[in-house]
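Residues per chain, in single letters:
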Amino acid sequence: MSKLDQVLILDPPSDLRFKAGPFTDVVTANLKLKNPSDRRVCFKVKTTAPRRYCVRPNSGVIDPGATVNISVMLQPFDYDPNEKSKHKFMVQTIFVPSNAADNDTVWKDAKPEDLMDSKLRCVFELPSENEVNDMEVTRPAPVMNSLKSEPTAAAAAGDDTDSKKLVEKCKRLQSEINKLSEENRQLKDEGVRMRKMQHRPDHMTSNSTNIVGRETSAAFLPSLLVVIAAIFIGFFFGKFIL
């Protein structure tokens, strides 16, 4: 039995072209699937290099007369212009039976003669010289230069301002150092005076003690002499009388 022709209309029909090399970033190619029939169509998108591509959506159902946009994202890789790409995609489709419960059941119960498919070849394209020149012309180089010069002038002005602030800060620090030195000297002088004042009371106390002792001795000496004199007088009176 001959294979069924693809019911969907693919755009592009045969080649998926990935432009804007050298492919150091993700590059996206778009694929449109249109269902011109009066029946619902189930589809799958497969590739020979599944690790190199991300396909969204990679499966689904297309209603009659509807169109689905597929994004095929090529992941970054080291591109070799001398190496031909052997990557391919296949869009596989099948009519949805009226009694189908879900998409998984449709594909599980599908017969090989009911399947339709279309194959696409991957083509990697580097920008042409004209496109590169156009890109260079459209680059806002003067704007970039002006943007670079403006920060330079701003940086110079900023440096002058920072220098002035630094000089003022040094002056303030020097003034504070002088003030602290003066306070330190005053504290030292105050400490010396306090130590002298602490020694004076002890000296005065000892002097006063000596004076009081001398006064007490002076006051006690006459009394002692009187007592001694009284004893001698009594001794002589007693001797003469007896």
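The rules behind each value
- Residues numbered from 1 in each chain as written.
- Predicted model: local features only at pLDDT ≥ 70, side-chain atom pairs only at ≥ 80, totals over all residues.
- Heavy atoms only, no water.
- Pairing = 2+ DSSP bridges.
- Helix = DSSP H or I, 4+ residues; strand = E, 2+ residues; numbered from the N terminus.
- Axes fitted to C-alpha atoms, helices over the stretch in contact; angles between N-to-C directions.
- Buried < 20%, exposed > 50% of the residue type's maximum accessible area, 1.4 Å probe, protein only.
- Core = buried A, V, L, I, M, F, W, Y, C linked by side-chain atoms within 4.5 Å.
- Contact = heavy atoms within 4.5 Å.

*Asks:* Hey, could you run me through the sheet that holds strand β4 (residues 41-47) in this one?
*Replies:* Two orientations exist for strands paired in a sheet by backbone hydrogen bonds: parallel and antiparallel. Pairing within the open sheet is mixed, and its five strands lie in the order β2-β9-β8-β4-β6. In this open sheet, the two edge strands, each paired with only one partner strand, are β2 (15-18) and β6 (59-62). For this sheet, the mean inter-axis angle between neighbouring strands, taken without regard to orientation, is 25°. Direction of pairing for strand β8 (residues 88-95) relative to strand β9 (residues 116-124): antiparallel, over a ladder of six bridges. Looking at the pairing, K88 lines up with R121 of β9.

*Asks:* What am I meant to see in the pairing of β6 here?
*Replies:* Each regular strand displays side chains that alternate between the two surfaces of the sheet. Side-chain alternation along β6 places G60 and I62 on a buried face and S59 and V61 on a face that remains uncovered. Of the strand pairs in this sheet, β4 and β6 are connected by four bridges, and their pairing is antiparallel. Bridge pairing in β6 links F43 to G60.

*Asks:* Please explain the nonpolar core as it appears in this structure.
*Replies:* A general tendency of soluble globular proteins is for nonpolar side chains to be buried together. Counting 28 residues, the largest nonpolar core has F18, L33, Y53 and F89 as its most contacted members. Mapped by element, the contributors of at least two residues to this core are β2, β3 (27-34), β4, β5 (53-56), β7 (67-74), β8 and β9. Excluding its chain neighbours within four sequence positions, the residues that come into contact with F89 are L16, V45, K46, T47, Y53, V55, V72, S118, K119, L120 and C122. Residues C42, V106, W107 and L115 belong to the second largest nonpolar core, which totals six residues.

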